[in-house]
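Results of the structural survey
Given next are the chains, with one letter for each unit.
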Amino acid sequence: MRHVIALDVGGTGMKAALVGADGALLHEARRPTGRERGAAAVVQSIVDFAADLRAHGEAHFGEPAAAAGVAVPGIVDAERGVAVYAANLGWTDVPLRDLLGARLGGVPVALGHDVRTGGLAEGRVGAGKDSRRFLFVPLGTGIAGAIGIDGVIEPGAHGSAGEIGHIVVRPGGPPCGCGQRGCLERLASASAVTAAWAEASGDPAADAADCAKAVRSGDPRATEVWQHAVDALADGLLTALTLLDPDTLIIGGGLAEAGDTLFTPLRAAVADRVVRFQTLPAIVPAALGDAAGCLGAGLLAWDLLTPEGARTDTSSTPIDTPSAADGSTTPRR
């Protein structure tokens, strides 16, 4: 059975799958990234994991993977296949595509940015599959974005398109690691809400999910913290829709798990800010959860083999999501 390797590398763990031509996940596995052992060890873990996946495919499906797709955090030069920099993994200028290609018998390898790769999956088989132009914004430890146009993610001239988290929405606000003050991710990310609610509640162990629960229970302190984050997010999204004019804003990440507690006030706040020349886009939750990066990596790999065919084949096919490490699957529709 023809298949590809899909690998999503995170700060603490790696998710991987063997993906069939119809988009089905034939096998799934997870491993720790092992960043505490240093950058060189992380790279070796990635290469070894990919090699083990190749061996599994050969043993169970009669042939090795035809290609591989890998999503990594940080700054990525996808054209050269180089992982340029990742603070949470400690690496600089890693020729990851070449390293993986050599270990995998010379098959083609695609390297992608984790958020843009997740956005690719959301655009083709997730919440944006009926959208021609969308912006995917996961709200996690930080905030990033992926600009989707006709099923393709726009990387920008230098690979940094979509970095909505570093739009300054509160000039003179809290300092950001990028060197600016008042960046969106310092005010509306899951980590920002966690910090604000821990301070407001007096509970250092409280997090963003606890804040959302308190909002639903009517706690005025939580409502104030939550609304400040929603207002900052709406200001950032307004800038994005002014520049990009998307038909859909796809919101994912940990904060989106609050459901209507987030989406009801957010839709209202964005609608209040839209002026006459602007068109209010649909604001919808992401559909694929933490599987988006792995699914997107599989799409990158298939694109190396059939650039147009992969898009057509996977856009209307149910995704089979493994529920166990042995590759057993349940359909996701």
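A brief report on the enclosed structure follows. Just so we're clear, the structure is a prediction, and the values are computed from it rather than from any experiment. (Residues numbered from 1 in each chain as written. Predicted model: local features only at pLDDT ≥ 70, side-chain atom pairs only at ≥ 80, totals over all residues. Heavy atoms only, no water.)

Moving on, we get to the pattern of salt bridges. One pass over the full model with this rule turns up eleven salt bridges. The salt bridge involving Arg273 is made with Asp231; its shortest N-O contact spans 3.6 Å. One end of the pair, Arg273, is in helix α8 (residues 260-273); the other, Asp231, is in helix α7 (residues 220-244), and 42 residues separate them in sequence. It is possible to trace a salt-bridge network through shared partners that takes in Arg170, Asp231, Asp235 and Arg273. (Salt bridge = Lys/Arg side-chain N within 4 Å of Asp/Glu carboxyl O. Helix = DSSP H or I, 4+ residues; strand = E, 2+ residues; numbered from the N terminus.)

A word on the packing of helix α5 (residues 190-201) against α7. Running from N to C, α5 and α7 cross one another at 155 degrees; their axes reach a closest spacing of 10 Å. Of the possible angle classes, the one that applies to α5 and α7 is roughly antiparallel. By crossing handedness, the relation of α5 to α7 is classed as right-handed. Taken together, the residues of α7 that come into contact with α5 (itself represented by Val193, Ala196, Trp197, Ala200 and Ser201) are Arg221, Ala222, Val225, Trp226 and Ala229. The class makeup of the residues in the contact of α5 with α7 is eight nonpolar, one polar and one charged. (Axes fitted to C-alpha atoms, helices over the stretch in contact; angles between N-to-C directions. Parallel < 35°, antiparallel > 145°, perpendicular 65-115°, else oblique. Left-handed = near helix turned anticlockwise from the far one by under 90°. Contact = heavy atoms within 4.5 Å. Nonpolar A, V, L, I, M, F, W, Y, C, P; charged D, E, K, R; others polar.)

Pairing is mixed across the open sheet formed by five strands, whose spatial order is β11-β10-β9-β12-β13. Across the chains shown, the open sheet's two edge strands, defined by having one partner strand only, are β11 (152-154) and β13 (282-285). Along the sheet, successive strands turn relative to each other by an average axial angle of 30 degrees, direction set aside. Where strand β10 (residues 146-149) lies against β11, three bridges are found, and the strand directions are antiparallel. Within β11, the position partnered with Ile147 by the bridge is Glu154. Lying on the sheet, α7 is in contact with β9 (133-138), β10 and β12 (248-252); it crosses β9 at an angle near 155 degrees. The strands touched by α8 are β12 and β13; relative to β13, the strand with the most contacts, the crossing angle is about 160 degrees. (Pairing = 2+ DSSP bridges.)

Across the sheet, three strands lie side by side as β5-β6-β7; this open sheet has antiparallel pairing. If you trace the sheet from one side to the other, it starts and ends with β5 (75-77) and β7 (91-94), each paired once. Neighbour to neighbour, the strand axes of the sheet diverge by 15 degrees on average, direction disregarded. Relative to β7, strand β6 (residues 82-86) runs antiparallel, the two sharing three bridges. Note that in β7 the partner of Ala86 across the bridge is Trp91.

On to the environment of Gly293. With respect to the helices and strands, the residue Gly293 is situated in helix α9 (residues 292-305). A sequence separation of 177 residues divides Gly293 from Arg116, and the C-alpha atoms of the two residues are 8.4 Å apart.

The pairing of β5 with β6 spans three bridges and is antiparallel. Bridge pairing links Asp77 to Val82 in β6. The hairpin formed by β5 and β6 contains four residues between the paired strands, and Gly81 there has a positive phi angle of roughly 75 degrees. A loop of four residues connects β6 with β7, the two strands running antiparallel in sequence, and Gly90 in this loop sits at a positive phi of about 75 degrees.

What follows concerns the packing of helix α1 (residues 39-61) against helix α2 (residues 96-103). Between α1 and α2, whose axes approach to 9 Å, the crossing angle comes to 35 degrees. For α1 against α2, the interelement crossing comes out right-handed. Contact residues: α1 offers Val43, Gln44, Ile46, Val47, Asp48, Ala50 and Ala51, while α2 offers Leu96, Leu99, Leu100 and Arg103. Looking at the contact of α1 with α2, its residues break down into eight nonpolar, one polar and two charged.

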